[in-house]
Amino acid sequence: MTHLGDSAPGSDTRLAPRAWLRSDAPVQSLDGEWAFRLHDADPGDDVDGPPPFAAIDADVSGWDRIPVPSHWGLHGHGHPTYTNIRYPFPLDPPHVPDANPTGDHRRVFEWHPSFCAGGRTLLRFEGVESLATVWVNGAEIGWFTGSRLMTEFDITDHLVDGENVLAVRVHQWSAASYLEDQDQWWLPGIFRSVSLQGRPANGLDDVFARGDRDPATGAGTLDVRPRGGWPVTVRVPELGIDETWTAPSEIVPLTIDAVDAWTAETPRLYDVDVSTDAETVRLRVGFRRVEVVGDRLLADGRPLIFRGVNRHETDPDRGRVFDEEYVRGELELMRRHNITAIRTAHQPPHPRVLELADELGFWVVLECDLETHGFWDVEWTGNPADDPAWRAACLDRARRTIERDKNHASVVMWSLGNESGTGRNLAEMAGWIRERDDSRPIHYEGDYGGAYTDVYSRMYPTLEEIASVCGEQTMPVHEIGPAEGARQRAKPFVLCEFAHAMGNGPGSLADYESLVEAYPRLHGGFVWEWRDHGIRARTDDGTEFFAYGGDFGEPVHDGVYLMDGLVLSDGTPSPGLGELAAVWAPVTLEHLGERSWRVRNRQHTLGTAHLELQWRAEDDGIPVSSGTLDLPALAPGDEGVIELPEIPDATTERWVTLEAALREGSAWAPAGHVVSRAQAQLHAAAPRPARAATGGWRGDALGDAVFDRRGGLVRWRDLEVSGPLPELWRAPTENDQLDGQGSYETADPALTHGRGDEDTPASSVRWLERGLDRLQHRVLSVERSDDGLVQRVRSMAAHSAQGIETTFSWRLDGDGLRLHTDIRPFGPWDCTWPRVGARFGLPAALAGERAHWFGTGPAESYPDSAEAAYVGRFAADVDALGVAYGRPQETGHRPGLRSLDLGPLHLRAVASGSTGLPGFQLDRHTAQERTGVAHAHELPPSRGLWLYLDAAQHGLGSRACGPDVLPRYALWPRAVSWTVVFD
Ligand code: GAL
């Protein structure tokens, strides 16, 4: 009998949930190659007992093979499906359609009674999506749901000495799918390990171990609650603990006079052995107290600030299948970018992730496998989180989450789930958790009124909303009345999601951080999200790309909305991650003037002894002096002032750069790793007197340049070139073209229903309406003088009355060929500009060159994402200047250019008076060619290399899910000018 429409969590034969423990009891892995076949639809009940494939003598010779763990959709059977909020099946709870992909899995394994003589043998599943029914030697053992949760059955009585047959039928859709509507791929299959677990008689079925430390005295308590046999001995050799209890009544928390604290910055763990005469369990316990005191969240007595990311399990090849090296790499990369917290969005990860978090040091908000977001579209009618019919399923999920992961020092908060509205089942889950584990606060963002949670949590609030919650209440608290609002404002405030890192972005990370600095009640947050979910795929001609929603032909999907990570699908860190690292520097370095700098320790636990300070002075980007300094000894929260040694005065542009770096290697970075950087300009570039002309026109040639009759540049030395052409267009970023979660595929205003103002369409909608991507140009005049040329150009879009007028003034002088560009808007402009600049066409061959520049770098930067950029000399291959975001869009802008060398092309920018330095960008495609293209491989063939020089670009914002570009970073039409010299 199938249980597809059964809102119960599983059969009664499932064993009580327990911790994922390391024990010396026997374990036999059943991972490996299994026989597999996929039905497109649910094959239905087998009237006379188990389906034939479950029988011992079934013939599976015609079946395929599949690795366990895996998702069948990534192994040539069916395909993944992506939706965000929507259910890809009718909203008809608890039922699912008959067209329900169903995977039959079968394997034969050896088992002998000696495996666990005198004991029991359990069959363990660590993760199966979404409903599994299990047979051993033809006998139905049970069924279960809860895709990212662990399930065990006692199968001892069904086993035979020798060969045994395990058969598992997995349904992609089940009633439980209504509880698993997270924004991720739907990826059915047995995707975590399957094993036999020996349970010796008188063994330890479960252990709950908690380490507490009194931050005032440093004394510790070790509270160990075993379940199973007796007597039980607890040993902690490092603490001299060796305690034996003969009965439950003897259990007492063990006290320790002095113990080191576990914190994310000092992940100190103690080995704890818990044993009976039959089994020893080894735990690694950390001692720390997490508590809510008024509106503060404290860990070990000090404010716990989350500088975190939302982390899904996603791998471009394996999906949610765990790979230790991959995950360790991810966590180390996080730590190297000053990320010290993780929200396990939106489900418990593989248990080993939490062991790694304990070891490497992360504050973890551990989230239950629960999301019913699709019910939002029907005003939460029938929401399982509030329907008594689903009470057991919801409680079951809470229980299995907490029991499995309760022993981790890194887990500092339980989260009931994500985006499931609100309701009594959530409240009951919270109640159950509180009973079971009162050592960790409870989080759930959807509890707007704060009826059953301990912290106030919001996702994607504006800066104004945060300031209102934390300071002067200038607006009502989100969706609640004044009484509940007052309750929420009296709690610690956490941003469970903010700074949507989709495509090029997010903007304003530094602005969010400044609020964390300003308001003690605000305990930081978790950037959405760590990594793009793209799945590695190939086009028919073998070109690799990263697939997103719709690429597998799903009829209902949410497109590119899951490409919203700080790390690209292939693991490449995006500039957004670099920006985050800069914004979350553990120590800040602030120039006070002259040689003085203020150092502030923003860490939770650590002082400054593990860091050293390297400084350097560069004149025109060339090092002139450098050294190493000791940082003052600063406790967390303290600040001090340092003085750099005296260095001779500069006559040219001088920058002093300070870098705080690790003195010694750590578990996540080598010695010398820079954790914080700051710069100050001590001397501006000396104005260069223009030198007299060294020649005039020779026919159409002026110096090394050749112009056509309309004033266009056509040749520079041996290079065929074109331009300059005034340009206002950039290929829209996701944040430019989306408006909240409603419009994925298109920027069609009819589809938008974002968190912003519905009357304010996405930027790119306005830009496209006004034709900024299709300016038409008219040369107004071309005037040649003895040593120069002035070209005036008017640029407007079809049927518009506004535009820009550009003057390109060329002059040959002793420095080379000088181009002064002046752009002025005219007419009734009523929208921002994506950029304002000019474009040059260069020969395609130059794209193979390495670009060397003196300016800002090393990565791209934009007005609201510029903390990581600094001034220096950099070099990169042209193709490495842009970022391969999930789909083509604006990338590669680097403002503040001083000079650029690209093969035979040399140009220098000159700032003077109101004329600033331009930014530059090199791309094989124009902004127009990049627009509206779904994947990089769909770009048209390159027609050359394009050099953009921009006076300015519009900010990034994070409007794809969150606030738009703030006014101070917006590029409103204005007059601009800049000067470059080709030499
Ligand atoms: C949130 C949600 C996340 C994700 C994000 C947008 O509302 O909790 O799961 O969908 O929006 O990417």
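These figures come from a predicted structure and were not determined experimentally.

A.B. asks: Tell me about the site of the ligand, and name the residues and values.
C.D. replies: Looking at the ligand, there are 14 residues lining it, with D183, H346, E419, E497 and H500 nearest. Between the ligand and W528, the relevant distance is 3.0 Å, taken from an oxygen atom to a side-chain nitrogen or oxygen of the residue. Note that an oxygen atom of the ligand is positioned 3.0 Å from one of the side-chain N or O atoms of D564. A class-by-class count of the residues in the shell around the ligand yields 4 nonpolar, 5 polar and 5 charged.

A.B. asks: So what's going on with the packing of aromatic side chains? Residues and values would help.
C.D. replies: Each aromatic ring pair is summarised here by two numbers: the centre-to-centre distance and the angle between the ring planes. Tallied over the entire structure, the rule returns 31 aromatic pairs. Ring plane angle 75° and centroid distance 5.8 Å describe the contact between F53 and W135, whose orientation is recorded as edge-to-face. Highlighted residues: F53 in the loop between β3 (32–39) and β4 (64–68) and W135 in strand β9 (residues 131–136), separated in sequence by 82 residues. For the pair shown, F53 and W135 are each scored as buried. Look at F707 and W810: their rings are 5.0 Å apart centre to centre, the planes differ by 70°, and that puts the pair in the edge-to-face class. You can see F707 sitting in strand β45 (residues 705–707) and its partner W810 sitting in strand β51 (residues 803–813), a full 103 residues away along the chain. Of the residues examined, F707 reaches a relative accessible area of 1% and is grouped as buried. By the ring-pair criterion, three or more aromatic residues cluster together here, those being Y87, F89, W173, Y178, W186, F375 and W390. Lying across the ring of Y326, R318 places its NZ or CZ 5.5 Å from the centre.

A.B. asks: Outline the confidence of the model for the protein, supporting the account with residue identities and numerical values.
C.D. replies: The predicted structure's coordinates, where accompanied by low pLDDT, should not be read in detail. Looking at the protein, the pLDDT average stands at 95 and 97% of residues meet or exceed 70. Across residues 742–756, confidence stays below pLDDT 50; counting only partners more than four residues off in sequence or on other chains, it has 35 contacts.

A.B. asks: Would you mind going over the domain arrangement of the protein in detail, with residue names and values included?
C.D. replies: Bring the parts together and some accessible area is lost; that lost area is often taken as the interface size. Domain boundaries in the protein define domain 1 (22–199), domain 2 (204–288), domain 3 (292–534 + 563–581), domain 4 (586–683) and domain 5 (697–845 + 879–894 + 910–982). For domain 2 and domain 4, the distance between their C-alpha centroids amounts to 42 Å.

A.B. asks: Mind laying out the packing of helix α7 (residues 509–518) against helix α8 (residues 575–583), listing which residues take part and the relevant values?
C.D. replies: Following both chains from N to C, one finds α7 and α8 inclined at 25°, their axes separated by 10 Å at the closest point. Between α7 and α8, the crossing angle belongs to the class labelled roughly parallel. Crossing geometry of α7 relative to α8 is assigned as right-handed. Every residue of α8 that contacts α7 at L509, A510 and E513 is listed here: G576, E579, L580 and V583. Across the contact of α7 with α8, the residue classes tally to 4 nonpolar, 1 polar and 2 charged.

A.B. asks: Pulling in residues and values, what's your account of the sheet that holds strand β36 (residues 587–593)?
C.D. replies: Here we have 3 strands laid out as an open sheet, ordered β36-β37-β40, and antiparallel in their pairing. Of all strands in the sheet, those bounded by a partner on one side alone are β36 and β40 (639–643). Each neighbouring strand pair of the sheet contributes to a mean axis angle of 25°, computed without reference to strand direction. In this sheet, β40 lies alongside strand β37 (residues 596–601) in antiparallel orientation, the contact comprising 5 bridges. Following the sheet pairing, S596 is matched in β40 by E643.

A.B. asks: How would you sum up the sheet that holds strand β30 (residues 442–443)? Please name residues and give values.
C.D. replies: If you trace the 8 strands from one edge of the open sheet to the other, you get β30-β29-β28-β27-β26-β33-β32-β31, paired in parallel fashion. The open sheet is flanked by β30 and β31 (456–459), the only strands paired with a single partner. Across 4 bridges, the pairing between β31 and strand β32 (residues 493–498) is parallel. For Y456, the partnering residue across the bridge sits in β32 and is F493.

A.B. asks: Hey, could you go over empty space enclosed by the protein for me, with residue numbers and the actual values?
C.D. replies: For the structure on display, the rule yields 10 cavities of 30 Å³ or more. Estimated volume of the second largest cavity: approximately 60 Å³. Forming the boundary of the second largest cavity are R311, E313, T314, D315, G319, R320, V321, F322, D323, Y326 and V327. Partitioned by chemical class, the residues of the lining of the second largest cavity number 4 nonpolar, 2 polar and 5 charged.

A.B. asks: An account of the layout of surface pockets is needed here, citing residue identities and associated values.
C.D. replies: For the second largest pocket, the calculated volume is near 890 Å³. In terms of lining residues, the second largest pocket is bounded by 40 residues, among which E265, R307, R602, Q603 and H604 are the most central. Listed by contribution, the elements that provide at least two residues to the lining of the second largest pocket are β25 (302–303), α2 (351–360), α7 and β37.

A.B. asks: Outline unusual backbone geometry, supporting the account with residue identities and numerical values.
C.D. replies: Leave glycine aside and you will find that most residues have negative phi; peptide bonds, for their part, are mostly trans. E129 connects to S130 through a cis peptide bond whose omega is -5°. With respect to the secondary-structure elements, S130 resides in the loop between β8 (128–129) and β9. A cis amide bond links G723 with the next residue in sequence, P724, at an omega value of -10°. When you line up the elements, P724 lands in strand β48 (residues 722–727). At N137, a residue that is not glycine, the phi angle is positive and equals roughly 50°. With relative accessibility at 15%, the residue N137 sits in the buried group.

A.B. asks: How would you sum up the state of the cysteines? Please name residues and give values.
C.D. replies: One pass over the full model with this rule turns up 0 disulfides. We note that C394 lacks a disulfide partner, and the nearest cysteine sulfur, in C368, lies 8.4 Å from it. Classification of C394 by relative accessible area gives buried; the value is 0%.

A.B. asks: Break down helix α1 (residues 324–336) for me, citing the residues and quoting the values.
C.D. replies: Think of an α-helix as turning once every 3.6 residues; residues three or four places apart then point the same way. Its 13 residues give α1 an end-to-end C-alpha distance of 18 Å, which sits within 8% of 18 Å, the value for a rise of 1.5 Å per residue. By the burial criterion, the buried members of α1 are Y326, V327, E330, L331, E332, L333, M334 and R335. The elements touched by buried residues of α1 are β26 (306–310), β27 (341–343), α2 and α8. At the exit of α1 stands N338, carrying a positive phi of roughly 65°.

A.B. asks: Quick one: what's the story with the environment of P348, residue by residue and with numbers?
C.D. replies: Note that P348 resides in the loop between β27 and α2. By relative accessible area, which is 0% here, P348 ends up buried. Each C-alpha atom of the pair P348 and L370 lies 10.0 Å from the other, and the pair is 22 residues apart in sequence. Non-local contacts of P348, meaning those with residues more than four positions away in its chain, are made with R148, L149, R192, E313, L366, E367, C368, D369, T401, R404 and D405.

A.B. asks: I'd like a rundown of the nonpolar core, residues and numbers included.
C.D. replies: By size, the foremost hydrophobic cluster in this structure holds 74 residues, and its most contacted members are I339, F362, L416, M429 and V527. Every residue in contact with V527, bar those within four places of it in the chain, is listed here: G308, V309, N310, F498, A499, A501, L509, L566, L580 and W584.

A.B. asks: Would you mind going over helix α4 (residues 424–436) in detail, with residue names and values included?
C.D. replies: Taking 1.5 Å of rise per residue, the 13 residues of α4 would be expected to cover 18 Å, and the 18 Å separating its terminal C-alpha atoms lies within 8% of that figure. Buried residues in α4 make contact with α3 (391–405), β29 (411–415) and β30.

Scoring rules and cut-offs
- By convention here, each chain's residues receive numbers from 1 onward along its written sequence.
- A pLDDT threshold of at least 70 governs which residues receive local features in this predicted model, and a stricter bar of 80 or more applies before side-chain atom pairs are shown or counted, although totals over entire chains, interfaces and linings include all residues.
- The side-chain quantities take in all heavy atoms of the structure and omit both hydrogens and water.
- Whether a residue is near a molecule or strand depends on its heavy atoms: if one lies within 4 Å, it is near.
- Think of a polar contact as two N or O atoms within 3.5 Å of one another; within protein, one of them needs to be a possible hydrogen donor and the other a possible acceptor, and neighboring residues in sequence only count if both atoms come from side chains.
- Classes in brief: Ala, Val, Leu, Ile, Met, Phe, Trp, Tyr, Cys and Pro nonpolar; Asp, Glu, Lys and Arg charged; the others, Gly included, polar.
- Only centres within 6.5 Å qualify two rings of Phe, Tyr or Trp (six-membered ring in Trp) as a pair; their planes then separate them into stacked at under 30 degrees, edge-to-face at over 60, and tilted for everything else.
- Runs of E in the DSSP output that reach at least two residues are strands. Runs of H or I that reach at least four are helices, and both are numbered from the N terminus.
- Only protein chains enter the accessibility calculation, which uses a 1.4 Å probe. A residue is then buried if its area is under 20% of the maximum for its type, exposed if over 50%, and partly exposed in between.
- Charge-over-ring placement is defined geometrically: NZ (Lys) or CZ (Arg) within 6 Å of the ring centre, and within 35 degrees of the ring normal.
- Residue-level confidence of the predictor, termed pLDDT, takes values from 0 up to 100.
- When checking whether two residues touch, look at their non-hydrogen atoms; a contact exists if any pair is within 4.5 Å.
- These domain boundaries are the output of an automatic or database domain assignment.
- The axes are straight lines fitted to the C-alpha atoms, using for helices just the contacting stretch, and the angles between their N-to-C directions are given from 0 to 180°.
- Relative orientations are named as follows: roughly parallel for angles under 35 degrees, roughly antiparallel for angles over 145 degrees, roughly perpendicular for angles from 65 to 115 degrees, and oblique for any other angle.
- In a left-handed crossing the near helix is turned counterclockwise from the far helix by less than a right angle, and in a right-handed crossing that turn is clockwise.
- Criterion used throughout: strands pair if DSSP finds at least two bridges between them.
- Only protein atoms enter the 1 Å grid used here, on which a cavity is any set of points holding a 1.4 Å probe that cannot leave and a pocket is any open set flanked by protein within 12 Å on both sides along at least five of seven lines; residues with an atom within 4 Å of a point are listed as lining.
- Grid points are joined across faces, edges and corners, and a volume is the space filled by probe spheres set on the points.
- In this description, the term disulfide denotes a pair of cysteine sulfurs within 2.5 Å.
- Take the number of residues in a helix, subtract one, and multiply by 1.5 Å to get its expected span.
- Each nonpolar core is a collection of buried residues, namely Ala, Val, Leu, Ile, Met, Phe, Trp, Tyr and Cys, held together in the definition by side-chain atoms within 4.5 Å.

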